[in-house]
Amino acid sequence: MDAPLNASSSTAGGLISGSTFEVPPYQREYSWGEDEVREFFEDIQRSLDSDSYFLGLIILTDEDGRKKIVDGQQRVVTLTLLASALYHEAKRRGRSALAERLNADFLTSINYDTDGSDPRVVLTDSADNDTLQHIVTTGETPVQTAGNTDSVSVEICRSYRFIIKELRDDLKPDPFKRLGKWTEFITNKLYFAVFVHPSPSSAYQVFEVINTRGKDLTTADLLKNFIISQVPHNQRGEIYDRWKRIADSFQNDGTNSFVQYIRHVVTVQSGHILPKDLFSFLASRNEHSPRMAPSPIALIEMLETRLALYLQMVDPSLPGPADEHALAVFRALNRLNIITVRPLMMAITDVADSDEGLDQLLRLVVRRIVVGNLGTGNIERRFAEAARRVAETSQWFDALAELDDLNPERYFFIDRLSKRSLNKIVLGYLRNTILSNNIAPDNYYFTHFIIPKSLKFHPDFEEGELAFWGNTIGNTFLSTEESRADSGNDWQTFQQKMFPVAAPNELVTDLGMYPEWNAESIREMGAALASKAAEVWYG
């Protein structure tokens, strides 16, 4: 049974001088910028004449003779930088006893086995730790960090340079006295509220409660912290490295894309999970759910296994396991900005006849877009549960058959497409499929509206007609040129300027039969194009 919770108040000097501290891999990396460091420094500076200053909560777990910082890293590391700045200023100004006090309380401890010294605060990442220890030892920032402007080491160096500059300005009136005041204050009057927990998991529970009450942590942070805190101590470094490699694959897309990937991967095994419920599900906090969450190790393995394929879904130009047919489907769904079906796509690619399954899924999605939408929570839930069924049965046919009620009849598809206003991306995609006679074309051409809907008045249209017909498929034209070459509102000029740059197989002859372009022309062309689209999408 876990030992009881140990909570106390402690001065910074008393806390840090009594142990050595390590920032474990499941903590966020040091990320304070100048604004946070400035606030930290100025708050302490303003409080130097006060009896005390509360620095906030720190959550620790006691493992292998070291205190692991579950929460409070930013403050502890910044305090170490401040203590280092005071130490080196004290040495530089001949206050040897004060310098030794700062060193013993905040910076190093005696190693009784070697008669050497060990750092009081250690960072897990070796490069970042080398930077911190270099600052503590020399009072200078290492030169080699200057090239990488985004690294944690650079953030640490920036923070230290800011602190040393501000401290030297503060010391100018009376360096001897101010050094003594600063040292006494951070040693004896700076307080932490300290929670010490017997195990990482129990420490993490408090960490989660506190941080989910605010806005500091992202879901990705919480998941990383939880997952790594749940594995055995000797595996945490390895799991951290594996997690970071996966997360870094989404670095350019932000943490939301990474969390979305985690949710989609878990969906394949466990079915639909709302974004707001992902953390509680993985932490097994939902007692009423019949579904079993994967273990931390299993989750890491799932994320690694599916990563290359998922990245191809996001960017089909990347290398990976998908064949050309699958990549064409990925490109099509990306053009339509359809993300909801990615779990089902992952599940289908795992089983036999995946190309045919992906085609059926794409047909279902596009037919549904034409007659309705994919934006409801119930439809997303059904796609998610279909993904789970494919994974459980190792075949896609039954799962897609259960979604067949989402498929509109052919006549309804034709009727809706002929006169429904759709966004330019959807219309352009459908027009490209018509010209190529392929649901996932190899090439996509540029879409133009023959008469732009944005024109408020046009001599060939009655009031309200252009507003109704302007964004329908009958008013579209595909070109090899992205820029429109005509004046935008004259049918004859459009034919002269745009017909010569028509996309291959564009219906130039059919269009040229219309002596004028009006609502009736758009309606007739829309009906013809809708019928051609039905041949592509229904066969």
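Before reading on, note that the structure itself is shown above.
Not measured: the values here are computed from a predicted model.

Caption draft 1: Seen up close, the environment of tryptophan 32. Residue position: tryptophan 32 is located in the loop between β2 (21-23) and α2 (34-46). Along the chain, tryptophan 32 and isoleucine 156 lie 124 residues apart, while their C-alpha atoms are 8.2 Å from each other.

Caption draft 2: Main features of a negative patch on the surface. Negative charge collects at one region of the surface, where Glu29, Asp125, Asp130 and Asp241 lie side by side. Mapping aspartate 125 onto the fold places it in the loop between β7 (121-123) and α5 (126-138). Here aspartate 125 falls in the partly exposed class, since its relative accessible area comes to 34%.

Caption draft 3: Looking closely at the pattern of salt bridges. Counted under the stated rule, the structure contains 27 salt bridges. Two residues, aspartate 49 and lysine 181, come together in a salt bridge whose shortest N-O distance is 3.0 Å. Placement of aspartate 49 in the loop between α2 and β3 (53-63) and of lysine 181 in helix α7 (residues 175-189) is noted, with a sequence separation of 132 residues between them. What makes aspartate 49 exposed here is its relative accessible area of 68%. For lysine 181, a relative accessible area of 25% puts it in the partly exposed group. Several salt bridges converge on common partners, so that one network encompasses Glu34, Arg38, Glu42, Asp43 and Arg46.

Caption draft 4: Looking closely at the packing of aromatic side chains. Per the counting criterion, the structure on display carries 19 aromatic pairs. Consider the rings of tryptophan 243 and phenylalanine 258, whose centres lie 5.3 Å apart with planes at 75°: the pair is edge-to-face. Of this pair, tryptophan 243 sits in helix α10 (residues 236-248) while phenylalanine 258 sits in helix α11 (residues 255-270); the two residues are 15 residues apart in sequence, bridging distant segments of the chain. The exposure class assigned to tryptophan 243 is buried, which follows from its relative accessible area of 3%.

Caption draft 5: Local environment of the environment of phenylalanine 226. Note on placement: phenylalanine 226 falls in helix α9 (residues 219-229). Residue phenylalanine 226 is classed as buried on the basis of its relative accessible area of 8%. In sequence terms phenylalanine 226 and proline 296 are 70 residues apart; their C-alpha atoms lie 8.6 Å from each other.

Caption draft 6: Local environment of helix α15 (residues 342-349). When you tally the buried positions in α15, you get seven out of eight residues, the bulk of the element. Of all the positions in α15, only Arg342, Pro343, Leu344, Met345, Met346, Ala347 and Ile348 are classed as buried.

Caption draft 7: Up close: the pairing of strand β10 (residues 476-479). Neither face of β10 is exposed, since Thr476 and Leu478 on one face and Phe477 and Ser479 on the opposite face are all buried. Here strand β9 (residues 446-449) pairs with β10 via four bridges, running antiparallel. Across the sheet, the residue bridging to threonine 447 is leucine 478, located in β10.

About the cut-offs
- Residues numbered from 1 in each chain as written.
- Predicted model: local features only at pLDDT ≥ 70, side-chain atom pairs only at ≥ 80, totals over all residues.
- Heavy atoms only, no water.
- Helix = DSSP H or I, 4+ residues; strand = E, 2+ residues; numbered from the N terminus.
- Patch = residues over 30% accessible without salt bridge, like charges linked within 9 Å, V, L, I, M, F, W, Y side chains within 5 Å.
- Areas by Shrake-Rupley, 256 points an atom, 1.4 Å probe, with all protein chains shown as cover.
- Salt bridge = Lys/Arg side-chain N within 4 Å of Asp/Glu carboxyl O.
- Lys, Arg positive; Asp, Glu negative; His and termini not counted.
- Charge placed at Lys NZ, Arg CZ, Asp CG, Glu CD.
- Buried < 20%, exposed > 50% of the residue type's maximum accessible area, 1.4 Å probe, protein only.
- Phe/Tyr/Trp six-rings, centres within 6.5 Å; stacked < 30°, edge-to-face > 60°.
- Pairing = 2+ DSSP bridges.

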